[in-house]
Amino acid sequence: MNRSVLYSIILLFILFSLACRSQLPKDLSGDLDIRFQSTVLYPDGEPRAFFRSITISGNQMIVERSQCQEVEKVTLGDGDQKGIYQSFVRSEFDLIKSGSAPSGGNGNEEGFREIYLKTGNITKNVKHGKQFPLSEKDLARFNAIWTNIYDLSVAKIRLRCKE
């Protein structure tokens, strides 16, 4: 076998193995923007999730609960912020292959859950729902992150819906 062909094969193998590794930095950089959104509804039209949306920018978390028209802003400690980010790192969030809505639709008809992350030069958005299917492995990754942010939001906010 020709040396240049052999070197080309080795180079392709190296590039392929690098492409299959998470590019998320192991440690949290100074800039962090995360958004969680749920549009999944029960048959009677009530939202299924505790929250409608959560935005984390830096150390600020803004939570809008499903059944309230109010929002609450919470300052996160370093441990909370790093803990949420580490769930993205452990789950290799940037490697999740997001499904796409069928042509002719926008995917909103059935509802979906969405996670968005921006840190450094990495931006990733993943939707999951009937029209945005994920593989079993990617769904487990997605759900691990979703559970962490759900637990943090329940622990941190004091919103009470007005009766």
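Within each chain, residues carry numbers counting from 1 in the order of the written sequence. Owing to the predicted nature of the model, reporting of local features is limited to residues with pLDDT of at least 70; listing and counting of side-chain atom pairs is limited to 80 or more, with chain, interface and lining totals taken over all residues. The side-chain numbers reported here are obtained from all heavy atoms of the structure, hydrogens and water having been left aside.

## What to know about helix α2 (residues 78-90)
- The first and last C-alpha atoms of α2 sit 18 Å apart over 13 residues, in line with the 18 Å expected at 1.5 Å per residue.
- Buried means the residue's accessible area, taken with a 1.4 Å probe over protein chains only, is under 20% of the maximum for its type, while exposed means over 50%, and partly exposed covers the values in between. For the purposes of this entry, the term helix denotes a DSSP run of H or I that reaches at least four residues, the term strand denotes a run of E that reaches at least two, and both are numbered from the N terminus. Residues of α2 that are buried: Q81, I84, Y85, S87, F88 and V89.
- After α2 finishes, the residue E92 shows a positive phi value of roughly 50 degrees. Multiplying 1.5 Å by the residue count of a helix minus one yields the expected span of that helix.

## Observations regarding the packing of aromatic side chains
- Stacked, edge-to-face and tilted are the three classes for Phe, Tyr and Trp ring pairs, Trp counted by its six-membered ring, which pair at centre distances within 6.5 Å; planes under 30 degrees apart are stacked, over 60 edge-to-face, the rest tilted. Taken as a whole and judged by the stated rule, the model has five aromatic pairs.
- Consider the rings of F142 and W146, whose centres lie 5.9 Å apart with planes at 15 degrees: the pair is stacked. Of this pair, F142 and W146 both sit in helix α3 (residues 136-156), four residues apart, which is roughly one turn of the helix.
- Its relative accessible area of 0% is what places F142 among the buried residues.
- W146 gets classed as buried once you look at its relative accessible area, which sits at 8%.
- For a Lys NZ or an Arg CZ to count as sitting over a ring, it must be within 6 Å of the ring centre and within 35 degrees of the ring normal. One residue, R35, lies across the ring of Y116, its end atom 4.3 Å from the ring centre.
- Taking the ring centre of F112 as reference, the NZ or CZ of K127 above it sits at 4.5 Å.

## Thoughts on the pattern of salt bridges
- Any Lys or Arg side-chain nitrogen located within 4 Å of an Asp or Glu carboxyl oxygen qualifies as a salt bridge. Throughout the structure, instances matching the rule amount to three salt bridges.
- Close ionic contact of K156 with D80 constitutes a salt bridge, the shortest N to O distance being 2.8 Å. Of this pair, K156 sits in helix α3 while D80 sits in helix α2; the two residues are 76 residues apart in sequence, bridging distant segments of the chain.
- The class for K156 is partly exposed, based on a relative accessible area of 26%.
- Among the residues examined, D80 registers a relative accessible area of 22% and is labelled partly exposed.
- Between D138 and R141 there is a salt bridge whose closest N-O contact spans 3.4 Å. Of the two residues, D138 and R141 are both situated in helix α3; the distance of three residues between them amounts to about one turn of the helix. Exposure class is identical for D138 and R141. Each is buried.
- In this structure, a network of salt bridges that share partners links the residues E92, D138 and R141.

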